[in-house]
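# Notes for the structure review
Spelled out from the first residue to the last, the chains are:
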Amino acid sequence: MTDSTSTAAMLIPVLDRIASALERLAPPAAVKTDLDAADAFVWQSSNRSLVPVVRVSRVDIGLLEGVDLARDQLIANTRRFAAGLPANNALLWGARGMGKSSLVKAVHARIVADTPAGEKPLKLIEIHREDISQLPDLLAVLRGGPHRALLFCDDLSFDHDDTDYKSLKAVLDGGIEGRPDEVLFYATSNRRHLMPRDMIDNERSTAINPSEAVEEKVSLSDRFGLWLGFHACDQKTYLAMVRGYARAYQLEMADETLDREAIVWAQTRGGRSGRVAWQYIQDLAGRLGRRLETKSA
């Protein structure tokens, strides 16, 4: 055996190990998804695929109290998008537990229910906050397809040293390709500008050019053409939420008793919101021995 042949034989196992290591480092190929399999999906980051959601956890849109203006605006915007007309990315921001994510899911259900027979229904695709950096991969899966998709990210916000917001800015409004016509992005957040206030204030106080530094941070929210604010509810609205749930799920209790219990429940939680109202209803149903059948479309 010549020296060159011997050297080649010794290198083959090494090259095989290198090739195997590179394959492990490379991201997995996106799994092709049949979007006709369901109306809702969740983006799975591990293999870059869309997982069908057969039963979506949501409430009927008629049970959402105190959000009439936001509801009407979001329905109109979503209906235009589903019809192939121009529409805006939407940011639903504000108080915790006031129905931001519930409204997005309820609006999607309403649009799907109103879809004429023979037309492809609008798809709802949830992407988790920690997977925002994979948005370009998700858009690549959806671009040019026959379905219109509503991308949804719940509780979206960015903290110190978090650079994912720059990727989101490019996806929403920039880049050479831009956002596909088949895709719209809805997000919910407790923060109006998606950044913590102290992060914005710090940029303002330490930057050489404060206005430019702050604008870089808050300009992400400008990519959302539709801003819908949600604020803490008063007692009247809170009790309307409780009564609406009680009627919908046939929980029999006198209004005076229902109101009194619901008020005490809110006091123990330190505030009123749609989430607190629903948690009281869950407690009430349990005490009455009744099941709460969630609605799905």
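Residues numbered from 1 in each chain as written. Predicted model: local features only at pLDDT ≥ 70, side-chain atom pairs only at ≥ 80, totals over all residues. Heavy atoms only, no water.

Looking up the chain in an unreviewed UniProt entry gives the name ATPase AAA, with the organism given as Tistrella bauzanensis.

### Here we look at helix α8 (residues 235-248)
For α8, with 14 residues, the first-to-last C-alpha span of 20 Å sits near the 20 Å given by 1.5 Å per residue. Considered for burial, the residues of α8 that qualify are Y238, L239, M241, V242, G244, Y245 and A246. In the segment just after α8, Q250 is the residue with positive phi, at about 55°. (Helix = DSSP H or I, 4+ residues; strand = E, 2+ residues; numbered from the N terminus. Expected span 1.5 Å × (residues − 1). Buried < 20%, exposed > 50% of the residue type's maximum accessible area, 1.4 Å probe, protein only.)

### Remarks on the pairing of strand β3 (residues 90-94)
Counting buried positions over the five residues of β3 gives five, a clear majority of the element. Both faces of β3 are covered, namely the face carrying A90, L92 and G94 and the face carrying L91 and W93. Here four bridges tie β3 to strand β6 (residues 183-189), and the two strands are oriented parallel to one another. Bridging from a neighbouring strand, W93 pairs with S189 of β6. Bridge count between β3 and strand β7 (residues 226-230): five bridges; the pairing is parallel. Each residue of the ladder has a partner; that of L91, found in β7, is W227. (Pairing = 2+ DSSP bridges.)

### A short note on the sheet that holds β3
Read across the sheet, seven strands follow the order β2-β1-β4-β5-β6-β3-β7 without closing on themselves; strand pairing throughout is mixed. In this open sheet, the two edge strands, each paired with only one partner strand, are β2 (49-52) and β7. Mean inter-strand twist for the sheet, computed between neighbouring axes without regard to direction, equals 25°. Two elements, strand β4 (residues 123-126) and strand β5 (residues 149-153), share four bridges in a ladder whose sense is parallel. (Axes fitted to C-alpha atoms, helices over the stretch in contact; angles between N-to-C directions.)

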